[in-house]
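# Observations on the three-dimensional arrangement
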Amino acid sequence: MTGARHELHFADAGEAADLAAFLARLIHYDRAAAVRLQAGGEVLAVFGRPPSFEVLAIRTARLEATVTAGTTGGAAGALDTTVSAGEFADALDTALAALSPAGAGPLVVPVPAAVTGPPWAGVLPPRGGWRRVEGLPGADEVRSAVSAAVAEFRARDEALPEERRTRAERDRIGHEIWSRTLGGTGLPLRAVHAAQSLGFLRPVRTAAAVGGAGAAAGGTAALAPVAEPLALLSAGGWLRLRTPYGSVAVRTSGLLGLTVSPA
């Protein structure tokens, strides 16, 4: 429907706040960032591409509904659009700020107007056929691998003589380091670096029973560490590092498509 306005009804304010933080990180790397939104069933998938890492970042959130505003009763349906990351972040922040202190009431976020999508927005992961790739290290080892690579880059950069300290030389060093793979998995270190930089590898903590909805809306709650299930998946020429906070996908070759499923 031409000119239709869409609303996202989020099931959890905490997930919406995490999504807003993800958008803020994307904007940090590209102030003009665009994101592709796809909602299917009760899940919203947000796709972005931080230019420094040459990967596709994916964040999901649970929905109660996707509503087309301006129709009789508000028709529910699917959504597929590309929007400004900044405008979507502003819409999320406005909706979160309007929540009551107790977190009561629905979190309804209007979808910004569509923008012309960048080329990457038409090249998304496959719809299905994902299989687990063995050999992925644990979360602590993955974070250590990123830290070691960052330390190596800084050491090699500092060791450059003044006449060779150019953007081209630094790019060469970075490409050599971040093109290495994580163990025997085939996943380039740049994908792991992106996951770390986007907040996907931070330790997972969960709110205890104390706090409830109020905690999700910004109140206080007891926090306790929980397991950190990381997984590496492969399908249709893609590798995908899945974490509790989102996924980072690297395209090697193959098919186009999309999967809208929890991260």
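Residues numbered from 1 in each chain as written. Predicted model: local features only at pLDDT ≥ 70, side-chain atom pairs only at ≥ 80, totals over all residues. Heavy atoms only, no water.

### Let's talk about the overall build of the protein
Of regular secondary structure, the protein possesses six helices and 13 strands. In the protein, 66% of the contacts between residues at least 6 apart in sequence involve partners at least 24 apart. (Helix = DSSP H or I, 4+ residues; strand = E, 2+ residues; numbered from the N terminus. Contact = heavy atoms within 4.5 Å.)

### Topic: the environment of G135
Tracing the backbone shows G135 in the loop between β8 (131–132) and α3 (139–159). On the accessibility criterion, G135 (56% relative accessible area) is exposed. Counting along the chain gives 97 residues from G135 to L232, while the straight-line C-alpha distance between them is 8.6 Å. (Buried < 20%, exposed > 50% of the residue type's maximum accessible area, 1.4 Å probe, protein only.)

### Points about the pattern of salt bridges
For the structure shown, the criterion picks out 13 salt bridges. Linking R59 and D18 is a salt bridge whose minimum nitrogen-to-oxygen distance equals 3.4 Å. A residue pair is termed long-range when its members are at least 10 positions apart, and R59 in strand β4 (residues 56–69) and D18 in helix α1 (residues 13–29) qualify at 41 residues. By relative accessible area, which is 28% here, D18 ends up partly exposed. (Salt bridge = Lys/Arg side-chain N within 4 Å of Asp/Glu carboxyl O.)

### Considerations on the packing of aromatic side chains
A full pass over the atoms with the stated rule returns two aromatic pairs. Look at F22 and F200: their rings are 5.7 Å apart centre to centre, the planes differ by 25°, and that puts the pair in the stacked class. Residue F22 is located in helix α1, and its partner F200 is located in the loop between α5 (189–197) and β9 (205–207); the two are separated by 178 residues in the primary sequence. With respect to burial, F22 and F200 carry one shared label: buried. Between Y29 and F53, the ring centres sit 5.3 Å apart and the planes meet at 80°, which makes this aromatic pair edge-to-face. You can see Y29 sitting in helix α1 and its partner F53 sitting in the loop between β3 (43–48) and β4, a full 24 residues away along the chain. Judged by relative accessible area, which is 5%, F53 ranks as buried. (Phe/Tyr/Trp six-rings, centres within 6.5 Å; stacked < 30°, edge-to-face > 60°.)

### Details of the confidence of the model for the protein
When pLDDT is averaged along the protein, the result is 83, and 81% of the positions lie at 70 or above. When the criterion is pLDDT under 50, residues 207–226 qualifies, and its contacts beyond four places in sequence or with other chains add up to 31 contacts. (pLDDT = per-residue confidence, 0-100.)

### What about helix α4 (residues 167–178)?
The end-to-end C-alpha distance of α4 is 16 Å, a good match for the 16 Å that twelve residues give at a rise of 1.5 Å each. If you check which residues of α4 are buried, you get E169, I173, G174, I177 and W178. One side of α4 carries all its buried residues, which in axial view fall inside an arc of 155°. Relative to its buried face, α4 has exposed residues pointing more than 90 degrees away, namely A168 and H175. Those residues of α4 hidden inside the fold are in contact with α3 and α5. (Expected span 1.5 Å × (residues − 1). Arc of directions from axis to C-beta.)

### Let's talk about the side chain of H193
As for its placement among the helices and strands, H193 is situated in helix α5. Among the residues examined, H193 registers a relative accessible area of 18% and is labelled buried. In contact with H193, other than residues within four places in its own chain, are F53, V146, V150 and W178.

### A short note on the layout of surface pockets
Volume-wise, the second largest pocket comes out at about 450 Å³. Counting only elements with at least two residues in the lining of the second largest pocket, the list comes to α4 and α5. Broken down by element, the lining of the second largest pocket gets its largest block of residues, six residues, from α4. Split into classes, the residues belonging to the lining of the second largest pocket amount to four nonpolar, five polar and five charged. (1 Å grid on protein atoms, 1.4 Å probe; cavity = no way out; pocket = protein on both sides within 12 Å on 5 of 7 lines; lining within 4 Å. Points joined across faces, edges and corners; volume = space filled by probe spheres on them. Nonpolar A, V, L, I, M, F, W, Y, C, P; charged D, E, K, R; others polar.)

### Quick look at the packing of α3 against α5
The contact between α3 and α5 brings their axes to 10 Å, and the two run at 105°. Overall, the two elements α3 and α5 adopt an arrangement that is roughly perpendicular. Where α3 abuts α5, its residues V142, R143, A145, V146, A149 and V150 lie against L189, V192, H193 and Q196. Class assignment for the residues of the contact of α3 with α5 results in seven nonpolar, two polar and one charged. (Axes fitted to C-alpha atoms, helices over the stretch in contact; angles between N-to-C directions. Parallel < 35°, antiparallel > 145°, perpendicular 65-115°, else oblique.)

### What about the packing of α1 against helix α2 (residues 85–97)?
Where α1 contacts α2, the axes come no closer than 9 Å and their chain directions differ by 150°. The two elements α1 and α2 meet at a crossing, and its hand is left-handed. Contacts between α1 and α2 involve A13, A16, A17, L19, A20, L23 and I27 from the first element and A85, G86, F88, A89, L92, D93 and L96 from the second. (Left-handed = near helix turned anticlockwise from the far one by under 90°.)

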